[in-house]
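Single-letter residue listing:
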Amino acid sequence: VYGTVAIIVKADDFGVYLAKDARLGAARALGRGIVLAMPGLLKVLAFVGMLAMLWVGGGIFLHGLEEYGLGALPHAIHA
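Bear in mind the structure is a predicted one, so any value in this text is a computation, not a measurement. (Residues numbered from 1 in each chain as written. Predicted model: local features only at pLDDT ≥ 70, side-chain atom pairs only at ≥ 80, totals over all residues. Heavy atoms only, no water.)

Draft legend 1. Region of interest: the packing of helix H1 (residues 2–21) against helix H2 (residues 25–67). Axis separation between H1 and H2 bottoms out at 7 Å; the angle between their running directions is 155°. Judged on the interaxial angle alone, H2 and H1 are roughly antiparallel. Crossing of H1 against H2: the hand is left-handed. Every residue of H2 that contacts H1 at Ile8, Ala11, Asp12, Phe14, Gly15, Val16, Leu18, Ala19 and Lys20 is listed here: Ala27, Arg28, Leu30, Gly31, Arg32, Ile34, Val35, Met38, Leu42 and Leu45. Each residue belonging to the contact of H1 with H2 can be placed in one class, and the counts come to 13 nonpolar, two polar and four charged. (Axes fitted to C-alpha atoms, helices over the stretch in contact; angles between N-to-C directions. Helix = DSSP H or I, 4+ residues; strand = E, 2+ residues; numbered from the N terminus. Parallel < 35°, antiparallel > 145°, perpendicular 65-115°, else oblique. Left-handed = near helix turned anticlockwise from the far one by under 90°. Contact = heavy atoms within 4.5 Å. Nonpolar A, V, L, I, M, F, W, Y, C, P; charged D, E, K, R; others polar.)

Structure representation (C-alpha cells):
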C-alpha cells in the first residue's frame, strides 16, 4: 500500500522531469500527459476514499446502534 501511495505522490514530479528533461519527443509528451492527468486522478481517488470512509463509518455507526438496543434501523438496511 505504501509503495502505491509513493508512486501516486511522485508521479507528478516524474511527469515534470520527463516534460523538461526528456530528449525524446514521446517521453516529453508522456511527461506532459502525466502532469495533466494527475489532478483528475487525485479527484477520483478523493471521491472513492470518501465513499469508502462513509461505508466503513456507517457500518460502525449501525453496529453501535445495535449495542444500544436500536437494532431496527440496521436490520431494515440489511434487509
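Draft legend 2. View of a nonpolar patch on the surface. There is a patch of nonpolar side chains on the surface, built from Val44, Phe47, Val48, Met50, Leu51, Met53 and Leu54 and spanning about 690 Å² of accessible area. Looking at the element boundaries, leucine 51 is found in helix H2. (Patch = residues over 30% accessible without salt bridge, like charges linked within 9 Å, V, L, I, M, F, W, Y side chains within 5 Å. Areas by Shrake-Rupley, 256 points an atom, 1.4 Å probe, with all protein chains shown as cover. Salt bridge = Lys/Arg side-chain N within 4 Å of Asp/Glu carboxyl O.)

Draft legend 3. Geometry of the confidence of the model for the protein. Per-residue confidence for the protein gives a mean pLDDT of 93, with 100% of residues at or over 70. Per-element mean pLDDT across the protein ranges from 90 in helix H3 (residues 72–78) up to 95 in H2. (pLDDT = per-residue confidence, 0-100.)

Draft legend 4. Summary view of H1. Look at H1: 28 Å from first C-alpha to last across 20 residues, which is about the 28 Å you get at 1.5 Å a residue. At lysine 10, H1 shows its strongest bend, of approximately 40°. Along H1, the residues classified as buried are Ala11, Gly15, Leu18 and Ala19. Tucked inside the fold, the buried residues of H1 contact H2. (Expected span 1.5 Å × (residues − 1). Bend = angle between axes of the 7 residues up to and from the residue. Buried < 20%, exposed > 50% of the residue type's maximum accessible area, 1.4 Å probe, protein only.)

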